[in-house]
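Spelled out from the first residue to the last, the chains are:
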Amino acid sequence: MREYLENVRNKVPLVHNITNYVTVNDVANVLLACGGSPIMSDEAEDVEDITSVCGGLNINIGTLHKTSIEGMFRAGRKANELGHPILLDPVGAGASTLRTNTALALMKELKLSVIRGNISEIKTLALGSGTTKGVDADVADAVTEESLDEAVAFVKRFAKEADTIVAVTGAIDLVSDKDVCYVIRNGRPEMGKITGTGCQLSGMMTAYVTANPDHPLEAAAASVCVMGLAGETGWSRMQEGDGNATYRNRIIDAIYNMTGEELEKGAKYEVR
Amino acid sequence: MREYLENVRNKVPLVHNITNYVTVNDVANVLLACGGSPIMSDEAEDVEDITSVCGGLNINIGTLHKTSIEGMFRAGRKANELGHPILLDPVGAGASTLRTNTALALMKELKLSVIRGNISEIKTLALGSGTTKGVDADVADAVTEESLDEAVAFVKRFAKEADTIVAVTGAIDLVSDKDVCYVIRNGRPEMGKITGTGCQLSGMMTAYVTANPDHPLEAAAASVCVMGLAGETGWSRMQEGDGNATYRNRIIDAIYNMTGEELEKGAKYEVR
Amino acid sequence: MREYLENVRNKVPLVHNITNYVTVNDVANVLLACGGSPIMSDEAEDVEDITSVCGGLNINIGTLHKTSIEGMFRAGRKANELGHPILLDPVGAGASTLRTNTALALMKELKLSVIRGNISEIKTLALGSGTTKGVDADVADAVTEESLDEAVAFVKRFAKEADTIVAVTGAIDLVSDKDVCYVIRNGRPEMGKITGTGCQLSGMMTAYVTANPDHPLEAAAASVCVMGLAGETGWSRMQEGDGNATYRNRIIDAIYNMTGEELEKGAKYEVR
């Protein structure tokens with residue numbers, strides 16, 4: 001895992017983020033913490049220029065606006081043209097028709113390198129819509145030790161169908177292509193009490209995939225280990241009276257300070 | 001007060017927030033800290049779906065956009081249809097015509113459960129506009145021990161006229177319906193040096209009202225006590241060299257850690 | 001320098017910010033920390049009212065939207081009419097045509113008090129476009145001790161041409177009008193690992209220029225010293241395990257606590 005972290009620190013990948021206004025500041029600071037560099041732009045007339053000076057594109061549909069959807073497509077087409085990796089974070093797919101349809105349309109029109117979401121969002125995309133071919137998403141609503149086998153089989157199936165890497169994050173994280181699935185057990189449940197740890201991971205994962213073009217699956221898995229391990233390290237520094245606001249800062253701090261050696265030692269994963 | 005806090009922690013109310021981009025991240029983290037769960041969406045085509053999966057709606061007109069106004073009305077009508085409580089935070093009413101008129105129009109068209117603002121914003125709404133019937137808002141510009149009687153009378157009058165709970169926050173906080181007014185003396189003046197403590201309170205108050213449908217007045221008052229008490233607890237943890245950035249985190253941390261027992265013990269209020 | 005700081009604390013200048021959604025919360029908290037007061041509004045129909053109740057205007061083109069450009073012009077014209085100082089922060093000028101052209105158009109149409117950016121952004125503006133007269137920007141891409149003489153000459157030239165104060169921030173900061181250039185050596189390189197320290201400085205600089213109308217150059221220079229010195233003080237409070245998230249808070253805290261005496265003692269500048 002350490003080489004994927006070190007490649008980010010050495011190459012300083014510039015990541016174009018079209019992301020929600022709730023967690024955007026944390027996404028920017030996490031990108032800086034991990035060794036990347038962030039630019040944010042969602043205006044349709046601005047995004048092609050911005051994506052052209054970057055190395056990767058992170059599309060996050062939280063707080064989706066109709067005006068920013070056009071920006072997502074324009075940036076995505078330009079990124080595809082330039083061969084830049086694109087990550088899609090389908091925040092809230094399944095919770096509204098606009099979000100579900102936008103995510104499905106982005107999947108259909110763009111060549112995505114990674115889709116990262118929670119199990120519910122990923123299942124929504126896997127099922128597709130009336131006009132999109134779906135895969136069998138008959139899988140439990142949480143990835144647990146009990147449901148792990150079927151979950152692994154499901155993400156492989158969906159990764160094959162969607163021709164992309166799929167990252168499902170939760171208590172147990174899965175990062176998979178059609179053949180190989182990383183099962184990752186880093187992290188803490190208290191991370192769910194901080195807004196935007198998923199968005200932050202999507203930003204960082206884009207940097208990892210951008211800086212490791214020959215190993216996108218391994219790099220995506222490494223970024224999930226970094227996030228989870230930072231959650232563990234950050235938690236170990238919590239003092240009496242600290243809560244989710246301080247924990248947010250401690251996690252970003254832990255990403256800032258993480259070395260390849262620490263990652264190598266702390267990453268808890270198996271390959272299936 | 002403790003049961004209102006505990007109901008939030010036990011029911012985990014999902015709150016739909018249409019709010020400004022300045023303080024939105026803190027609103028989300030405060031909602032998580034108090035035991036609720038936040039969703040943000042302001043796009044007109046998205047809000048009805050989102051509000052339908054939530055339990056309450058928080059409308060905040062800071063950084064108002066013409067495009068988000070339509071979203072506020074659509075979400076509000078849907079929330080009314082579903083019987084969800086709606087809180088209006090009229091940020092900057094009185095400072096611009098667009099904000100004043102939007103707040104008045106929302107009051108007119110929607111059935112609101114709570115309006116929460118500072119005395120200046122609330123007076124603006126009470127006076128209404130040329131086309132809106134107003135109430136006598138001849139009250140001092142700050143709620144102090146000296147102006148308390150007239151301020152209590154004013155908020156009761158406005159609560160009656162507007163048929164809603166009214167929360168006026170400042171050095172002394174008032175939470176009132178037409179008959180009963182909670183006068184609350186928690187908090188610290190230094191909270192005014194942090195951006196968005198009012199917005200944060202509005203988000204948390206929506207969660208409290210949502211999780212306590214049979215006692216909205218008491219729940220709204222409890223959330224004001226929680227915020228003020230967290231301001232006191234947070235301040236007690238400040239160290240030399242700390243300033244408003246750290247204080248912001250300490251307040252959210254204090255909300256995260258607050259128990260019903262602490263609230264019961266620390267809440268400073270009288271009923272008039 | 002101390003009087004410029006103290007004027008901000010005593011006058012509490014109200015600053016209207018049209019700024020990006022990435023760093024807006026930090027801009028608001030820095031304005032409060034330094035003694036000013038922030039209002040954010042970018043909606044075209046809202047900005048004239050808002051700017052009229054403020055004392056200064058901060059225009060930042062990060063995350064530029066076509067809809068907010070109209071707001072920038074309307075607010076700017078109103079601010080000019082009222083004699084309020086306007087600061088332009090041309091975030092990303094040079095990285096996209098939309099940003100470059102918008103910044104140049106704002107320069108052309110509005111009377112600006114200050115332009116603050118990094119050397120690359122300032123060079124882009126100095127070169128102008130096909131329809132804008134440019135100045136010779138044949139200067140190195142970083143202001144170092146080696147390139148200092150030519151950089152000072154360049155910013156004076158551009159300040160004269162653009163008829164405004166020019167602040168170029170980087171490892172060495174320059175704050176200049178056509179005749180006098182402050183060369184400032186406060187700050188730490190680690191500040192570049194935090195998103196938005198430039199945006200924060202632009203907000204604070206607007207407050208300083210607003211509260212010191214007779215000494216805009218000196219006040220702008222003072223605000224740069226405050227930011228850099230806060231970066232040094234904040235760094236001195238960092239503990240093992242702290243990273244860029246905590247550093248962000250420590251810098252804002254240091255601005256909150258900074259006295260005129262500390263500034264006087266810690267400011268490192270020469271006048272050329």
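Structure's up top.
Residues numbered from 1 in each chain as written. Chains lettered and ligands numbered in written order. Predicted model: local features only at pLDDT ≥ 70, side-chain atom pairs only at ≥ 80, totals over all residues. Heavy atoms only, no water.

**As for the overall build of chain A**
What chain A contains, in helices and strands, is 11 helices and nine strands. Across the 272 residues in chain A, those meeting the buried criterion constitute 65%. Accessible surface, chain A as shown: approximately 9,300 Å² in total, 48% of it carbon and sulfur. Positive and negative charge centroids in chain A, built from 26 and 37 side chains respectively, lie 1 Å apart. (Helix = DSSP H or I, 4+ residues; strand = E, 2+ residues; numbered from the N terminus. Buried < 20%, exposed > 50% of the residue type's maximum accessible area, 1.4 Å probe, protein only. Areas by Shrake-Rupley, 256 points an atom, 1.4 Å probe, with all protein chains shown as cover. Lys, Arg positive; Asp, Glu negative; His and termini not counted. Charge placed at Lys NZ, Arg CZ, Asp CG, Glu CD.)

**Overview of the relation of the copies chain A and chain C**
For the pair chain A and chain C, the relating rotation is 120 degrees, the translation along its axis is 0.0 Å, and the fit reaches an RMSD of 0.0 Å. Such a combination of rotation and displacement between the chain copies is what one expects of a three-fold axis. Distance from the rotation axis, computed per C-alpha, reaches its smallest value in chain A at Tyr21(A): 3.6 Å. Mapped onto chain C, only 12% of the interface residues of chain A are again interface residues, and the two copies thus contact each other with different surfaces. (Least-squares fit on C-alpha atoms with pLDDT ≥ 70 in both. Contact = heavy atoms within 4.5 Å.)

**What about the pairing of strand 2 (residues 37-40) of chain B?**
Residue and element names in this part refer to chain B. Note: strand 1 (residues 14-18) against strand 2, four bridges, orientation parallel. In the sheet register, His16 faces strand 2, and the bridge partner there is Ile39. Crossover strand 1 to strand 2 through helix 2 (residues 24-34) is right-handed. (Pairing = 2+ DSSP bridges. Right-handed = clockwise from strand over helix to strand, strands pointing away.)

**As for the sheet that holds strand 6 (residues 165-168) of chain C**
All names here are of chain C. Read across the sheet, nine strands follow the order 2-1-3-4-5-6-7-8-9 without closing on themselves; strand pairing throughout is mixed. Of all the strands in the sheet, the pair left with one neighbour each is strand 2 (37-40) and strand 9 (269-271). Sheet twist, expressed as the mean angle between neighbouring strand axes with direction ignored, is 20 degrees. In terms of strand pairing, strand 1 (residues 14-18) meets strand 3 (residues 56-60) through four bridges, oriented parallel. (Axes fitted to C-alpha atoms, helices over the stretch in contact; angles between N-to-C directions.)

**Description of the packing of aromatic side chains**
Counting across every chain of the model gives nine aromatic pairs over all chains. The interplanar angle of 75 degrees and the centroid separation of 5.0 Å between the aromatic rings of Trp235(A) and Tyr247(A) together place this pair among those described as edge-to-face. Here Trp235(A), found in helix 9 (residues 216-236), pairs with Tyr247(A), found in helix 10 (residues 244-257); they are 12 residues apart in sequence, far enough to count as distant. Judged by centre distance (5.6 Å) and plane angle (40 degrees), the ring pair of Tyr182(C) and Tyr269(C) falls under tilted. Taken as a pair, Tyr182(C) in strand 8 (residues 181-184) and Tyr269(C) in strand 9 lie far apart in primary sequence, 87 residues in all. (Phe/Tyr/Trp six-rings, centres within 6.5 Å; stacked < 30°, edge-to-face > 60°.)

**Digging into helix 5 (residues 97-109) of chain A**
For the α-helix, the turn length of 3.6 residues means that residues three or four positions removed from each other point alike. In this model helix 5 of chain A runs 18 Å from its N-terminal to its C-terminal C-alpha over 13 residues, within 8% of the 18 Å that 1.5 Å per residue would give. Of all the residues in helix 5 of chain A, the buried ones are Leu98(A), Arg99(A), Thr100(A), Thr102(A), Ala103(A), Leu104(A), Leu106(A) and Met107(A). (Expected span 1.5 Å × (residues − 1).)

**Notes on unusual backbone geometry**
At Val12(A), a residue that is not glycine, the phi angle is positive and equals roughly 45 degrees. The topology assignment puts Val12(A) in the loop between helix 1 (2-11) and strand 1 (14-18). Since its relative accessible area comes to 41%, Val12(A) is described here as partly exposed. Of note in the backbone geometry, Thr63(C) takes a positive phi value of approximately 40 degrees without being a glycine.

**Considerations on the relation of the copies chain A and chain B**
When chain A is fitted to chain B, the best match, at an RMSD of 0.0 Å, comes from turning it 120 degrees and sliding it 0.0 Å along the axis. A low fraction, 11%, of the interface residues of chain A reappear at the interface in chain B, so the copies pair through non-equivalent surfaces.

**Re the side chain of Thr164(C)**
Residues and elements named next belong to chain C. As for its placement among the helices and strands, Thr164 is situated in the loop between helix 7 (148-162) and strand 6. For Thr164, a relative accessible area of 8% translates into the label buried. A polar contact of 3.0 Å, which involves the side chain of Thr164, links it to the backbone oxygen of Ser113. Once residues lying within four places of it in the same chain are set aside, the contact partners of Thr164 are Leu112, Ser113, Val114, Ile115, Ala159, Ser176 and Asp177. (Polar contact = N/O pair within 3.5 Å; in protein donor to acceptor, adjacent residues only side chain to side chain.)

**Some thoughts on the interface of chain A and chain B**
Contacts between the two partners involve 27 residues from chain A and, on the opposite side, 26 residues from chain B. When chain A packs against chain B, close to 2,300 Å² is buried across both sides, 45% of that on carbon and sulfur atoms. The largest share of the area that chain A buries against chain B comes from Tyr21(A), Lys193(A) and Asn244(A), three residues that together contribute 24% of it. Seen at the junction of chain A and chain B, the total is four salt bridges. Put simply, Lys66(A) and Glu45(B) hold a salt bridge, and the shortest N to O gap is 2.6 Å. Linking chain A to chain B there are 21 residue pairs in polar contact (both at pLDDT 80 or more). Of all the elements in the fold, those that place two or more residues in the side of chain A that touches chain B are helix 5 and helix 10 of chain A. Among the residues making up the side of chain A that touches chain B, the classes are represented as seven nonpolar, 12 polar and eight charged. (Buried area = accessible area lost by both parts, 1.4 Å probe. Salt bridge = Lys/Arg side-chain N within 4 Å of Asp/Glu carboxyl O. Nonpolar A, V, L, I, M, F, W, Y, C, P; charged D, E, K, R; others polar.)

**Considerations on the environment of Thr233(A)**
Residue and element names in this part refer to chain A. Position of Thr233 among the secondary structure elements: in helix 9. Classification of Thr233 as partly exposed rests on a relative accessible area of 30%. C-alpha of Thr233 to C-alpha of Ala75: the two residues are 158 residues apart in sequence and 36 Å apart in space.

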